[in-house]
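Structural overview for review
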Amino acid sequence: MSDQRRPSPLREHLGVVRRRGWIAAVVTIAAMAAALAFSLLQPARYASTAQILVPVTPRYSTALVDQNGAVRNQDAKRLLQNQVEFIESAVISDAAAKTLGSRPKITARALPDADILEVRAESSDPNDAAKIANTVADTYVQNRSEDSIQGLNASQDVVEKSIASLNEKISAIDRRLDEMTEAQKTGQEGADLRQVRTSYVAQRQAFLDKLNSIQVSTGLVPTDAAKVINPALPTDSPFQPTTRRNLLIGMVAGLVLGLGLMYALDQLDVTVKTKSELEAVTKLTNLASIPRSPSWRRGEVAVLHSQSDPTSPTAEGYRALRTAIQFASLAKPIRTLLITSALPNEGKSSTAANLAVAFAASGQRVAVVSCDLRRPRLHDFFEMDDEIGFTSILRRMIDVDEMLGDPQPREVVVIPSGQAPRNPSELLATAQAQKVLDDIAERVDLLIIDAPPVLPVSDAVILSAYADAALLVARAGETRIDTVERAAEQLRLAAAPVIGTVLIGADDDPGVGYSYRRYAHRTTRSDRRRDAAMVSGRGTDADGTSAPTPAAT
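Residues numbered from 1 in each chain as written. Predicted model: local features only at pLDDT ≥ 70, side-chain atom pairs only at ≥ 80, totals over all residues. Heavy atoms only, no water.

1. A few points about the overall build of the protein
The number of helices and strands found in the protein is 20 helices and 11 strands. The buried share of the protein, taken over its 553 residues, is 44%. Counting only contacts in the protein whose residues sit at least 6 apart along the sequence, the fraction spanning at least 24 positions is 82%. For the protein, the computed accessible surface area is about 28,500 Å², with 53% contributed by carbon and sulfur atoms. (Helix = DSSP H or I, 4+ residues; strand = E, 2+ residues; numbered from the N terminus. Buried < 20%, exposed > 50% of the residue type's maximum accessible area, 1.4 Å probe, protein only. Contact = heavy atoms within 4.5 Å. Areas by Shrake-Rupley, 256 points an atom, 1.4 Å probe, with all protein chains shown as cover.)

Here it is as C-alpha cells:
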C-alpha cells in the first residue's frame, strides 16, 4: 500500500476512539463511582484553628536584636519553628489531656511574615474540634508564661545573690577604712580601697537596675509572652470527605487508566479493523466497506438489508459494492462472481444475498447459488427451504431450466445448496458441477456463487476456476489479520481471479456513514413492494408490468 493511502495518525487515533472509546468511558464512570462510594463511606471530619501571637522580641529580653536587626530576623524564624515543635510535643499534649481527658492530635504551623502560630485540631464533632484547638492553645500560652516567669525568677535570684555579694564586699571595705588611721586613709592604701569600693558600688547599681527590669518584666509576662488572638470556632462544613476532589481525581485517574487500557487492547487486537489494514495485509483493493448494522448485534441473524431497509447505510454500502464491480467488469465482463471468506461467520453469505438484490435492482437478471455444501446459510436470508437446490441439479433430480424458470430483469433467482453430500470437494471438482454453473450463468446476466471459506476446505479454490471474478470478505473486529492474509495468499497461489476485498461491519471512516445517511436513495412504498416481489420471484419489468413467475426462487 502506498504512503499516500496510509491513514494519518490523527485518523488512526480517532478510529481507536470510535472502536474502543466505550472502554475508556466505562472505566472512567467506574472510577468516579468508586470515588463517590469512598466519599460517602467516609465519616465527616471537622477542623478548627486557633491563632496565637508569639512576640519574638519581648520587652523583657534584649539579647535577640542588634543595632541593624539582622540577628533578630534569623532568631525570630528559629524561635517560631521551635515553638511549633513545642506545641506538637508531648509536654503540651500531656498537659492538655488533663483537661480533655485524652491526648489530642493537633498540628501547628507558623504563618509566613507574621509572629503568629496556628493550632489545628480535627474531630468528628465540630464543637470538639474547636474545644481541642482552644485547650491546646491555652495550655501552650500558660506553659510559655510559666516558663518565662520561672526564667525571670531564676535570673532574679542570680542578680540578688550578686547584689548581696557586692554589699558584703563594700561593707568589708568600709570596715577596713574605719580601722585605718588618718595617715593610712590619706595614703596610697586608702586611695586604693576607696577606688575598689567605687567600682563595687557601680556594679551593685547595675545589678539593682537589672533587678528592677526583671521585676517589671515579670509583671508583663501574662500579656507580653504569648496570647490567643483568634480562638477556634466550630465550623458548619466538614473538610472530609472531599467529594468534589475525589470525583475529580477519580475522573482523571479513570480517564488515564481507560485510555491506556483502550490503546493496550487495541494494540493486542490482531483482527482487521479498517479497510487500510485489510488492503495492507491482502495486497488487494478494498472495493467497499459495508457500515455496521444494528441488527448484527443481535447475533447471527440473517437480514436482507437491501430489501428490508433499502435506505439504510448498510444497503447503500452494498450498492456501492455493486458499482465497484460494474466498473471492474469494464475491462473484462463478469458473468460469474464468487464470494468467499477466510473463515466461517465473516459475512460472505450476507454479502452474496444482499449483492444479488442490489444487482437485480439495477435491472439485471441475477441468480445466486449456494455452493457452501457444508454449512449453508444463503437460504436463511430468503426464508427458503434448502432441501431442493444445487445438489439436486447435480443428482439430476431437477434440471437447470426447471430450477431457474424464465428469469426476468430485476429478478433474483435463489438456488439453495440442497441436501449435503458426503464429499463436497470431490463433487464440486467434477465437470458436472462446472457444467451446471455454466448453464446457470448462460441464462442470467450475473451468477453469484456463495462459496465456502478458503482456509478450512479447498472448495473455494476449486470453485474459483469456474468464476470470472472473486471477492474476499472480511469482518471488521473479528477476522484475524493472519487468517485473511493466508486466505489471500492461497487464492493468489491458485490463480483465482480475485478483484478485491469487502470489509463487513466497518466503522473506521466517518465519511462513509455520513454519505450513506445523507445521500441514500429514498424509496417509496411502491418501491418496497416491488423489491419484495423481486426477491420472492414475482419481479416487475422496468415499466412496472408484471413479469412471469419462475418455477423456483
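Here the narrative resumes, following the displayed structure.
2. So, the sheet that holds strand β11 (residues 498–506)
Paired through their backbone hydrogen bonds, the strands of a sheet run either parallel or antiparallel. One open sheet accounts for 7 strands, arranged β5-β11-β10-β6-β9-β7-β8; its pairing is parallel. Looking at the sheet topology across the chains shown, the edges are occupied by β5 (286–291) and β8 (411–415). With direction set aside, neighbouring strand axes in the sheet form an average angle of 20°. As paired strands, strand β6 (residues 336–341) and strand β10 (residues 469–475) are joined by 5 bridges and run parallel to one another. What sits directly across from L337, in β10, is A469. Helix-sheet contacts for helix α8 (residues 275–282) involve β5, β10 and β11, and the interaxial angle to β11 is about 145°. (Pairing = 2+ DSSP bridges. Axes fitted to C-alpha atoms, helices over the stretch in contact; angles between N-to-C directions.)

3. Here's the deal with the nonpolar core
Core analysis: the biggest nonpolar cluster contains 47 residues, and V369, F390, I415, L437, I440, L447 and L463 have the highest contact counts within it. The element best represented in this core is helix α16 (residues 431–443), accounting for 5 residues. With near-sequence residues (within four places) excluded, L437 lies in contact with V369, C371, F390, L447, I449, L463 and Y466. Counting 32 residues, the second-largest nonpolar core is a separate cluster that includes I339, F382, V414 and A469. (Core = buried A, V, L, I, M, F, W, Y, C linked by side-chain atoms within 4.5 Å.)

4. Side note on the side chain of S312
Tracing the backbone shows S312 in the loop between α9 (305–308) and α10 (313–328). In terms of polar contacts, S312 uses its side chain to reach the backbone amide nitrogen of A315, at 3.2 Å. (Polar contact = N/O pair within 3.5 Å; in protein donor to acceptor, adjacent residues only side chain to side chain.)

5. A few points about the pattern of salt bridges
Counted by the stated rule, this structure contains 18 salt bridges. Between D372 and K348 there is a salt bridge, with the nearest N and O atoms lying 3.1 Å from each other. One end of the pair, D372, is in the loop between β7 (365–370) and α12 (378–381); the other, K348, is in helix α11 (residues 348–361), with 24 residues separating them in the sequence. A residue is classified by how much of its surface remains accessible, and D372, at 4% relative accessible area, is buried. (Salt bridge = Lys/Arg side-chain N within 4 Å of Asp/Glu carboxyl O.)

6. Some words on the sheet that holds strand β4 (residues 227–230)
Here 4 strands make up an open sheet; going across it, the order is β2-β3-β1-β4 and the pairing antiparallel. For this open sheet the edge positions go to β2 (106–110) and β4, each flanked by a neighbour on one side alone. For this sheet the average axis-to-axis angle between neighbouring strands, irrespective of direction, equals 35°. In the sheet, strand β1 (residues 46–53) pairs with strand β3 (residues 116–123) via 8 bridges, with the strands oriented antiparallel. Its bridge partner being in β3, T49 is matched across the sheet by R120.

7. Details of unusual backbone geometry
Cis peptide bonds are those with omega within 30 degrees of zero, and the linkage from Q240 to P241 qualifies with 5°. Summarising the element assignment, P241 is placed in the loop between β4 and α7 (243–268). The backbone phi angle of R396 is positive, close to 65°, even though this residue is not glycine. When its relative accessible area of 66% is taken as the criterion, R396 is described as exposed. Phi is positive for R410, close to 65°, though the residue is something other than glycine. With respect to the helices and strands, R410 occurs in the loop between α14 (400–404) and β8. Look at R410 and you get buried, because its relative accessible area is 13%.

8. Describing helix α3 (residues 90–100)
Burial in α3 covers these residues: I92, S93, A96 and A97. Seen end-on, α3 carries its buried residues on one side only, within an arc spanning 140°. Following α3 by one or two positions, G101 has its phi on the positive side, about 95°. (Arc of directions from axis to C-beta.)

9. Comments concerning the pairing of β2
For β2 and β3, the ladder comprises 5 bridges, and the chain directions are antiparallel. Bridge pairing links T107 to R120 in β3. From the end of β2 to the start of β3, which pair antiparallel, there are 5 residues, and D113 there has a positive phi angle of about 60°.

10. Some thoughts on the packing of α8 against helix α18 (residues 481–493)
One can describe the packing of α8 onto α18 by two numbers: an axis separation of 9 Å at closest approach and a directional angle of 45°. By the criterion of interaxial angle, the relationship of α8 to α18 is oblique. Relative to α18, the crossing made by α8 is right-handed. Between α8 and α18, the residues in contact are L278, V281 and T282 and I481, V484, E485, A488 and R492, respectively. (Parallel < 35°, antiparallel > 145°, perpendicular 65-115°, else oblique. Left-handed = near helix turned anticlockwise from the far one by under 90°.)

11. Here's the deal with α8
For α8, the complete set of buried residues consists of S276, L278, E279, V281 and T282. Those residues of α8 hidden inside the fold are in contact with β5, β10, α18 and β11. Downstream of α8 by one or two residues, K283 has phi in the positive range, about 60°.

12. Quick notes on the confidence of the model for the protein
When the pLDDT values of the protein are averaged, the result is 81; 82% of them are 70 or greater. Under a pLDDT of 50 for its full length, residues 1–5 has, in the predicted model, 6 contacts with residues more than four places off or in other chains. Ignoring residues within four places in sequence, the model shows residues 510–530, a span with pLDDT below 50, making 24 contacts including any to other chains. (pLDDT = per-residue confidence, 0-100.)

13. Digging into the packing of aromatic side chains
What describes a pair of aromatic rings is the distance from one ring centre to the other and the angle between the planes of the rings. Going through the model one piece at a time under the given rule, you end up with 1 aromatic pair. Positioned over the ring face of F239 is R120, at 4.9 Å from the centre of the ring. (Phe/Tyr/Trp six-rings, centres within 6.5 Å; stacked < 30°, edge-to-face > 60°. Lys NZ or Arg CZ within 6 Å of the ring centre and 35° of its normal.)

14. Side note on a nonpolar patch on the surface
Judged by side-chain polarity, L248, M251, V252 and V256 come together as a nonpolar surface patch covering roughly 350 Å² of accessible area. Looking at the secondary structure, you find L248 in helix α7. (Patch = residues over 30% accessible without salt bridge, like charges linked within 9 Å, V, L, I, M, F, W, Y side chains within 5 Å.)

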